[in-house]
Amino acid sequence: MSNRYLLDSNVILDYLLQRSFSDSIKLYGQCLENDISILVSSAQLHTIEYVFLKQVKLDAPTQIETAKLAFKAFLNEVTIVKTPALIEQNHPLALRDMEDYLIEISAEAADVTIVTRDAGFLRLSKRCILTEQVLLNLEAEKTSQASNKVTFLDLKTPHIVLRAELEAAFDRTLNSGWYIQGNELKQFEKEFADYCEAEYCVGVGNGLDALHLILRAYGIGKGDEVIVPSNTYIATWLAASYADATPIPVEPDLNTYNIDPALIEAAITPRTKAIIAVHLYGQPADMDAINAIAIKYNLKVIEDAAQAHGARYKGKRVGTLGDAAGFSFYPGKNLGAIGDGGAVTTNDADLAQKIRVLGNYGSQIKYHNEVKGYNSRLDELQAAFMREKLQKLDEWNGRRKLIAADYLRQMSGSNLVLPFVPEWADPVWHLFVVRSQQHDVLQKQLGEAGIGTMIHYPIPPHLQPAYAELNYKQGDFPIAEVIHQQVLSLPIGPHLGADSTAAVISAIQSSAAILRKVY
Ligand SMILES: Cc1ncc(COP(=O)(O)O)c(C=O)c1O
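Right, let's walk through the structure included here. (Residues numbered from 1 in each chain as written. Predicted model: local features only at pLDDT ≥ 70, side-chain atom pairs only at ≥ 80, totals over all residues. Heavy atoms only, no water.)

**Some details on the overall build of the chain**
Logical step 1: Looking only at helices and strands, one finds 20 helices and 19 strands in the chain.
Logical step 2: For the chain, the proportion of its 519 residues judged to be buried stands at 52%.
Logical step 3: Expressed as a percentage of contacts within the chain between residues at least 6 apart in sequence, the contacts between residues at least 24 apart total 69%.
Logical step 4: For the chain, the exposed surface amounts to about 23800 Å²; the carbon and sulfur share of it is 53%.
Logical step 5: Within the chain, the 61 negative side-chain charges are centred at a point lying 1 Å from the centre of the 48 positive side-chain charges. (Helix = DSSP H or I, 4+ residues; strand = E, 2+ residues; numbered from the N terminus. Buried < 20%, exposed > 50% of the residue type's maximum accessible area, 1.4 Å probe, protein only. Contact = heavy atoms within 4.5 Å. Areas by Shrake-Rupley, 256 points an atom, 1.4 Å probe, with all protein chains shown as cover. Lys, Arg positive; Asp, Glu negative; His and termini not counted. Charge placed at Lys NZ, Arg CZ, Asp CG, Glu CD.)

Next comes the structure, spelled out in C-alpha cells:
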C-alpha cells in the first residue's frame, strides 16, 4: 500500500464541500489519520479554489470568510507538486480534458497514484485508481498481517520528502546559467565548512578524489608510505595508491572497528608521510591518540570522514580533527548527493587553495596551468541539492541515533556483539553493524523474515585481487579478517519507521538466539 496519493480535484471538492460522495470524505480522513500524504498538482489548485469558493458563495454566502480559512487549512494539509512544463498536446487525455492530463503528468513526475471517481479519467489514465478501491485496499491491509519487509537502504524517501526544495534548487541552478563552480557551490562550501566548524571547504568530484587530492597537495607521492586502516572500504587505500604512495595497513581495535592507535608506531618507517584515520560506520576514530603519534613523527593526519558527516569526537565535529578531511557525498551517505560528490575540509588556507587548483586542471586563472591537475569539481547542481539536504542533516542524524539507541537496548540480550561507543564518541550511525560467528546464517534468516542486510565489507582490502602486488595473504591482518567474516549491517536510516525497526528487532530476537555467542 502506498503512503502517498495524488487526489483528483473532484475527490478534494467532495471533501471540502462535504458533498454526498461519502467515499471521498472517508478517504481524505483516512489519509490524515494514517499519515498518508495527500498530493495535489499545482495545475489543480486554481480550479479547486474557484469551485469551492463559488459553491460556498451560492449555498452559504455568510460563510465565505470561514471557507477561505478552510481552503488555507487544506493547503497546509496537502503537498503541492509541480506540473511539468513538457506537454504532449495530442495525448488522448490532453484531447479529452487538459486538466486531467496535467494531473496525470504531475503524478507521473512525482511517481504517485491518482485517486479519482471519474470513470473517464480512469479509462485513459495509466495511474488512476478509484476511491472505493483505495478504501478497500486500506481495509485489506488493516486486517491482513502487516507486511514487515524492510529494505536495507531507502534512498528514495529523503528525496521525496524534500521534493519541493530539490525542485526549487534545480530551477535556481538551471536559471543561473552557471553550471560549474558557481554561486551554489560557493554557498555550499561555506555552509558545509560552517557545519563542520572548519575554516575551509573545497568541493571535489567524490570522496576518493578528496583523499587523493589531499595527499597530492601535501606532496606525498612515489616512495612514500601512508598508514591506512586494514579494516576499511578500499577507497581509503586507493587514495594512497592514486598518489603513487604505498598504503601501509594497521589493524583496528576489535571493539570500535577503527584503527588502533597503539599499533600505529610499529608501522612507521622513515618513508611514512601520513596517517589516514577512517571514522568507520559513522563513529569517530581516537583522534587525540593518533595526533600525538603524528606530532612525534612529523606526519600529516587525514580524516576519511566519508561515513561520518556530523559525528563528534570529544565535542568537536569530524572534519577538523586532523590536518584535513575527505568527505564523500555518495547517495547512500548521511549527507548524499543525487549522484557523486565529495569535499575536503581543513583549517589550512594553503592546503585548501592547493586542492582548489589541483581539482581544476591545476589552474587558478583560466588557461594558465601551474601544475598538472585533475578535473575533480563538485557539480553546481549537486551543491544546490546538498544545500537543501544539509539543512536536514542534524535532524536525520538524530533519527539514526534514536534507532541505534532502540536497537542497542532491545538487542542487548542477544548473542550478537553490538556496536561499542567509547565515552568520547558521538557517532552518526551511518551503519549499525553487529557481529556474529554465523553472520551468513543470520543474514539468511533475516532475509527470510523480510529484513534486508548487508556486509560491510566481505573482503578486506589486503585480500582483494586489486592489491595482489603487495603480496599479503590470509592471516596477515587477522583482526580485520575476523571483522570481515563476522559483521552484518542492519537497516538504519532517517526514514525507517517504528514498524520497520520493530520488525528488525523481532527478527533479531528470534534469529540470534540460536546463533553461537561471539568471543
Ligand atoms: C570509508 C570510505 N572512504 C572513501 C569512500 C569513497 O567515497 P566515494 O565513493 O565518494 O569516492 C567511501 C565511500 O564510498 C568510504 O566509505
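Let us keep going from here.
**Thoughts on the pairing of strand S19 (residues 487-490)**
Logical step 1: What you see with S19 is no split at all: Val487 and Ser489 on one side and Leu488 and Leu490 on the other are buried throughout.
Logical step 2: Here strand S18 (residues 432-435) runs beside S19; their pairing, made up of four bridges, is antiparallel. Looking at the pairing, phenylalanine 432 lines up with leucine 490 of S19. (Pairing = 2+ DSSP bridges.)

**Overview of the pattern of salt bridges**
Logical step 1: The tally for this structure, following the rule as stated, stands at 27 salt bridges.
Logical step 2: Residue arginine 19 is joined to aspartate 14 by a salt bridge in which the shortest nitrogen-to-oxygen separation is 2.9 Å.
Logical step 3: Judged by relative accessible area, aspartate 14 falls into the buried class, the value being 0%.
Logical step 4: Between glutamate 225 and arginine 271 there is a salt bridge whose closest N-O contact spans 3.3 Å. Taken together, the residues glutamate 225 in strand S7 (residues 225-229) and arginine 271 in the loop between strand S8 (246-250) and strand S9 (272-278) connect sequence positions 46 residues apart.
Logical step 5: A residue is classified by how much of its surface remains accessible, and glutamate 225, at 9% relative accessible area, is buried. (Salt bridge = Lys/Arg side-chain N within 4 Å of Asp/Glu carboxyl O.)

**Comments concerning the nonpolar core**
Logical step 1: Counting 44 residues, the largest nonpolar core has Phe188, Phe192, Ile227, Ile264, Ile290 and Phe329 as its most contacted members.
Logical step 2: Secondary structure elements with two or more residues in this core: helix H11 (183-196), S8, S9, helix H14 (287-297), strand S13 (324-328) and helix H16 (380-390).
Logical step 3: The greatest single-element share of this core, amounting to six residues, is contributed by H11.
Logical step 4: Val150, Ala404, Leu442 and Ile508 belong to the second largest nonpolar core, which has 34 residues in total. (Core = buried A, V, L, I, M, F, W, Y, C linked by side-chain atoms within 4.5 Å.)

**Concerning the packing of aromatic side chains**
Logical step 1: Enumeration over the complete set of coordinates arrives at 16 aromatic pairs.
Logical step 2: Ring centres of tyrosine 313 and tryptophan 424 lie 5.0 Å apart, and the angle between their planes is 65°; on these two criteria the pair is classed as edge-to-face. Of the two residues, tyrosine 313 sits in strand S11 (residues 312-313) while tryptophan 424 sits in the loop between helix H17 (393-410) and strand S17 (425-426), which places them 111 residues apart along the sequence. Accessibility assignment for this pair places tyrosine 313 and tryptophan 424 in one class, buried.
Logical step 3: Ring plane angle 75° and centroid distance 5.0 Å describe the contact between tyrosine 407 and phenylalanine 432, whose orientation is recorded as edge-to-face. (Phe/Tyr/Trp six-rings, centres within 6.5 Å; stacked < 30°, edge-to-face > 60°.)

**Digging into the sheet that holds S11**
Paired through backbone hydrogen bonds, the strands of a sheet run either parallel or antiparallel to each other.
Logical step 1: Spatial strand order, S12-S11-S17: three strands in an open sheet with antiparallel pairing. Of all strands in the sheet, those with a lone pairing partner are strand S12 (316-317) and S17, marking the two edges.
Logical step 2: The sheet contact formed by S11 and S12 spans two bridges and is antiparallel. The residue bridging tyrosine 313 from the neighbouring strand is lysine 316, located in S12.

**A few points about a nonpolar patch on the surface**
Logical step 1: Taken together, Phe170, Leu174, Tyr179 and Ile180 make up a surface patch of nonpolar side chains, about 360 Å² in accessible area.
Logical step 2: Position of tyrosine 179 among the secondary structure elements: in the loop between helix H10 (163-176) and H11. (Patch = residues over 30% accessible without salt bridge, like charges linked within 9 Å, V, L, I, M, F, W, Y side chains within 5 Å.)

**Examining the site of the ligand**
Logical step 1: Close to the ligand lie 13 residues; Gly207, Asp304, Gln307, Ser328 and Lys333 are nearest.
Logical step 2: Taking glycine 207, its main chain carries an N or O atom lying 2.7 Å from an oxygen atom of the ligand.
Logical step 3: At a separation of 2.7 Å, a nitrogen atom of the ligand approaches a polar side-chain atom of aspartate 304.
Logical step 4: Within the complex, 90% of the 380 Å² of free accessible area of the ligand lies under protein.
Logical step 5: A breakdown of the residues in the shell around the ligand according to their chemical character gives six nonpolar, five polar and two charged. (Near = heavy atom within 4 Å. Polar contact = N/O pair within 3.5 Å; in protein donor to acceptor, adjacent residues only side chain to side chain. Nonpolar A, V, L, I, M, F, W, Y, C, P; charged D, E, K, R; others polar.)

**Considering the sheet that holds strand S5 (residues 128-130)**
Logical step 1: Read from one edge to the other, the open sheet built from five strands follows the order S3-S2-S1-S4-S5, with strand pairing classed as parallel. With one partner strand each, in any of the chains shown, strand S3 (79-81) and S5 form the two edges of the open sheet. With direction set aside, neighbouring strand axes in the sheet form an average angle of 40°.
Logical step 2: Of the strand pairs in this sheet, strand S4 (residues 113-116) and S5 are connected by three bridges, and their pairing is parallel. When the sheet's bridge partners are listed, valine 115 is paired in S5 with isoleucine 129.
Logical step 3: Packing of helix H8 (residues 131-143) onto the sheet brings it into contact with strand S1 (4-7), S4 and S5, and relative to S5 it is tilted by some 75°. (Axes fitted to C-alpha atoms, helices over the stretch in contact; angles between N-to-C directions.)

**Considerations on H16**
Logical step 1: Of all 11 residues in H16, 10 are buried; the element is thus mostly enclosed.
Logical step 2: Burial in H16 covers these residues: Glu380, Gln382, Ala383, Ala384, Phe385, Met386, Arg387, Glu388, Lys389 and Leu390.

Note that all results are geometric; they support no functional claim without further evidence.
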